[in-house]
Amino acid sequence: MRKLISSTYMSLDGAIEDPAFTMPYFDEEAGALAGEQTAAADALLMGRRTYEGFAATWPERDENDPETGAAYFNNVKKYVASTTLTDPTWKNTEVLQGDLVEAVTALKAQEGGDILMYGYGEVTHALVKAGLVDEVRLWIHPVFEGGPSLSAPLSDVRTTFELIDTKVMKSGVIVATYRPVAK
């Protein structure tokens, strides 16, 4: 069974909305870890808002420059959970049909690599609640950003996780990886 991994860049105060604050910390070390993450994943899963942000950005980047990551993001299979998006224009994108939990359960049952999600919104929230997220990776950046916090949409989910890995980078970024504790 494929693993569903949620990878979220956040500030010390839990901001995730505009990840521009991560750029000063995206050095060679962070790039290598991000590359390992994408190398293990042959699919992306996202909600409509993440899709719209990614689809507006990645096609504009140079796919011939391996440091941009554009070749991966533009060519990997992408699944979008949305009830309003009907005709995605970004290459290799499919809108999930029907019930989100059933659709993602079917995706996880297919052969393949990891399924990677970025950010934390309604889709991730619903999948954590359904017990479908296998790992949560929080890239914690040493900055207070202000704005909406990651904790805001967590009001009705009580899930316990165990720490399975920690990477501390020279830049001060900490990547904490958690796995849900079996119930």
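Residues numbered from 1 in each chain as written. Predicted model: local features only at pLDDT ≥ 70, side-chain atom pairs only at ≥ 80, totals over all residues. Heavy atoms only, no water.

**A look at the nonpolar core**
Judged by nonpolar contacts, the single largest core of 21 residues is most densely connected at Leu4, Leu45, Leu96, Val104 and Leu127. Apart from residues no more than four positions distant in its own chain, Leu45 is found in contact with Leu4, Tyr79, Leu96, Val104, Ile115, Leu116, Met117, Tyr118 and Leu127. Counting residues in hydrophobic clusters, the runner-up holds 17 residues, among them Tyr51, Val76, Leu85 and Leu116. (Core = buried A, V, L, I, M, F, W, Y, C linked by side-chain atoms within 4.5 Å. Buried < 20%, exposed > 50% of the residue type's maximum accessible area, 1.4 Å probe, protein only. Contact = heavy atoms within 4.5 Å.)

**Brief notes about the pattern of salt bridges**
Following the criterion strictly, the structure yields nine salt bridges and no others. Across the pair Glu94 and Lys77 runs a salt bridge whose closest N-O atoms are separated by 3.1 Å. One end of the pair, Glu94, is in strand 4 (residues 93-95); the other, Lys77, is in strand 3 (residues 77-81), and 17 residues separate them in sequence. Lys108 is the partner of Asp134 in a salt bridge, and the nearest nitrogen-oxygen pair spans 2.8 Å. Of this pair, Asp134 sits in the loop between helix 5 (122-129) and strand 6 (135-141) while Lys108 is found in helix 4 (residues 100-109), placing the two residues 26 residues apart along the sequence. Among the ionic contacts, a cluster of salt bridges with common partners joins Lys3, Glu135 and Arg137. (Salt bridge = Lys/Arg side-chain N within 4 Å of Asp/Glu carboxyl O. Helix = DSSP H or I, 4+ residues; strand = E, 2+ residues; numbered from the N terminus.)

**Details of a negative patch on the surface**
On the surface, a cluster of negative charge is made up of Glu28, Asp62, Glu63, Asp65 and Glu67. Within the secondary structure, Asp62 sits in the loop between helix 2 (48-57) and helix 3 (70-75). According to the relative accessible area criterion, Asp62 is partly exposed, its value standing at 42%. (Patch = residues over 30% accessible without salt bridge, like charges linked within 9 Å, V, L, I, M, F, W, Y side chains within 5 Å. Areas by Shrake-Rupley, 256 points an atom, 1.4 Å probe, with all protein chains shown as cover. Lys, Arg positive; Asp, Glu negative; His and termini not counted. Charge placed at Lys NZ, Arg CZ, Asp CG, Glu CD.)

**Considering the sheet that holds strand 2 (residues 41-47)**
A sheet is described by the order of its strands in space; here eight strands give the open sequence 4-3-2-5-1-6-8-7, paired in mixed fashion. Each edge of the open sheet carries a strand with a single partner, namely strand 4 and strand 7 (161-168). When strand polarity is set aside, the average angle formed by the axes of neighbouring strands in this sheet is 25°. Helix 2 rests against strand 2, strand 3, strand 4 and strand 5 (114-118) of the sheet, and its axis sits at about 115° to strand 2. (Pairing = 2+ DSSP bridges. Axes fitted to C-alpha atoms, helices over the stretch in contact; angles between N-to-C directions.)

**Quick word on the packing of aromatic side chains**
Scanning all chains against the criterion turns up seven aromatic pairs. Seen from their ring centres, Tyr9 and Trp139 are 5.0 Å apart, and the 70° between their planes marks the pair as edge-to-face. Residue Tyr9 is located in strand 1 (residues 4-11), and its partner Trp139 is located in strand 6; the two are separated by 130 residues in the primary sequence. Under the relative-accessibility criterion, Trp139 is labelled buried at 2%. Grouping aromatic residues by their ring pairs yields a cluster made of Phe54, Trp58, Tyr72, Phe73 and Tyr118. A cation over an aromatic ring shows up here: Arg61 above the ring of Trp58, its NZ or CZ 4.6 Å from the ring centre. (Phe/Tyr/Trp six-rings, centres within 6.5 Å; stacked < 30°, edge-to-face > 60°. Lys NZ or Arg CZ within 6 Å of the ring centre and 35° of its normal.)

It is worth stressing that arrangement in space is one thing and function is another; only the former is reported here.
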